[in-house]
Amino acid sequence: MPSITQGEAQTILRPYLSKLRSSILEPVNRYFSGPELALFRNKLSKRSDASNCHDLVVDCIKDCFDGVPKTRFIYKNKLFLLVIEERVVLRFKMFDQNRLGHGISTQQLIKLNYQEIEQLELPDMPPDGLLHVGYCINALRTGIESIHITYRHGNHNLWEWNITESEMNNVQQIAFTQEATTRQRRRRPQPKNKNVGDVVNENS
């Protein structure tokens, strides 16, 4: 499959980032921090966490992208893919700290990691590339630390795109910080007048 540059991928995927981000953040954070799963989750392995989160993300992706123009799903041999604008294919994984996904080393997985997706004989494959959309769990395993879109070849990423926060969120955070600083300056107490506290002589 031909390679796709980061710039090309950003142009295609930017209109869909909000849905992609929320489809990962909401179910995964709910899985790790929700009190209803706390006792159950503590008995599971990290592999089980990855499998459960994948199922929750796939379910949320189906709900969020159902009926969205220029998108479709491929589900074959337990492999779920989201096709965007007939240009790119997205696969969803839990990442390690190197932004790489893992799994049982099957022929299917090897072909996916080496961009040999045409050999999987999936229907109507788009021409431009397979991208991995993955999430890293924080050290305390209480939720998502970051979300990335990567172009993988073998055991390395040729490029990585951090989509954890939107540009709008960044702008709002900067504006809030500046406003808070301005308010703090306005509330700063003024130095006392040197005459404050002087005793007034009524006979003078």
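Look above for the structure.
These lines cover the structure that appears in this document, whether it is placed above or below. Remember, predicted model here, so these are calculated numbers, not experimental data.

Quick word on the overall build of the protein chain
- Summing up its helical and strand segments, the protein chain has six helices and six strands in all.
- Each helix and strand of the protein chain, ordered N terminal to C terminal, gives the series α-α-α-α-β-β-β-α-β-β-β-α.
- Taking all 204 residues of the protein chain together, the buried fraction comes to 39%.
- Here the analysis covers contacts within the protein chain between residues at least 6 apart in sequence; of these, 60% occur between residues at least 24 apart.
- Surface accessibility of the protein chain: about 13000 Å² in total, with carbon and sulfur atoms responsible for 50%.

A look at helix α1 (residues 6–13)
- Taken together, the buried positions of α1 are occupied by A9, Q10, I12 and L13. Looking straight down α1, one finds that the buried residues subtend no more than 165 degrees of arc, so they occupy a single side.
- For α1, the elements touching its buried residues are α2 (17–33), β2 (79–84), β3 (88–94), β4 (129–137), β5 (144–153) and β6 (156–162).

Some thoughts on helix α4 (residues 46–65)
- Taking 1.5 Å per residue as the helical rise, α4 with its 20 residues ought to reach 28 Å, and the 28 Å between its terminal C-alpha atoms agrees with that figure.
- Here α4 has its buried residues at D49, C53, V57, V58, C60, I61 and F65.
- Against α2, α3 (38–41), β1 (71–76), β2, β3 and β4 lie the buried residues of α4.
- Count one or two residues on from α4 and you reach G67, which has phi positive near 85 degrees.

Regarding the sheet that holds β4
- Judged by pairing direction, the sheet is mixed, and its six strands sit side by side in the order β1-β2-β3-β4-β5-β6 without closing on themselves. Because the sheet does not close on itself, it has two edges, and the strands there are β1 and β6. Each strand axis lies, on average, 30 degrees off the axis of its neighbour in the sheet, ignoring direction.
- Here three bridges tie β2 to β3, and the two strands are oriented antiparallel to one another. Its bridge partner being in β3, V83 is matched across the sheet by V89.

Comments concerning the pattern of salt bridges
- Per the counting criterion, the structure on display carries three salt bridges.
- Across the pair D49 and R141 runs a salt bridge whose closest N-O atoms are separated by 3.2 Å. With D49 in helix α4 and R141 in the loop between β4 and β5, the pair connects residues that are 92 residues apart, well separated along the chain.
- Here D49 falls in the buried class, since its relative accessible area comes to 5%.

Reading guide: rules and limits
Residues numbered from 1 in each chain as written. Predicted model: local features only at pLDDT ≥ 70, side-chain atom pairs only at ≥ 80, totals over all residues. Heavy atoms only, no water. Helix = DSSP H or I, 4+ residues; strand = E, 2+ residues; numbered from the N terminus. Buried < 20%, exposed > 50% of the residue type's maximum accessible area, 1.4 Å probe, protein only. Contact = heavy atoms within 4.5 Å. Areas by Shrake-Rupley, 256 points an atom, 1.4 Å probe, with all protein chains shown as cover. Arc of directions from axis to C-beta. Expected span 1.5 Å × (residues − 1). Pairing = 2+ DSSP bridges. Axes fitted to C-alpha atoms, helices over the stretch in contact; angles between N-to-C directions. Salt bridge = Lys/Arg side-chain N within 4 Å of Asp/Glu carboxyl O.

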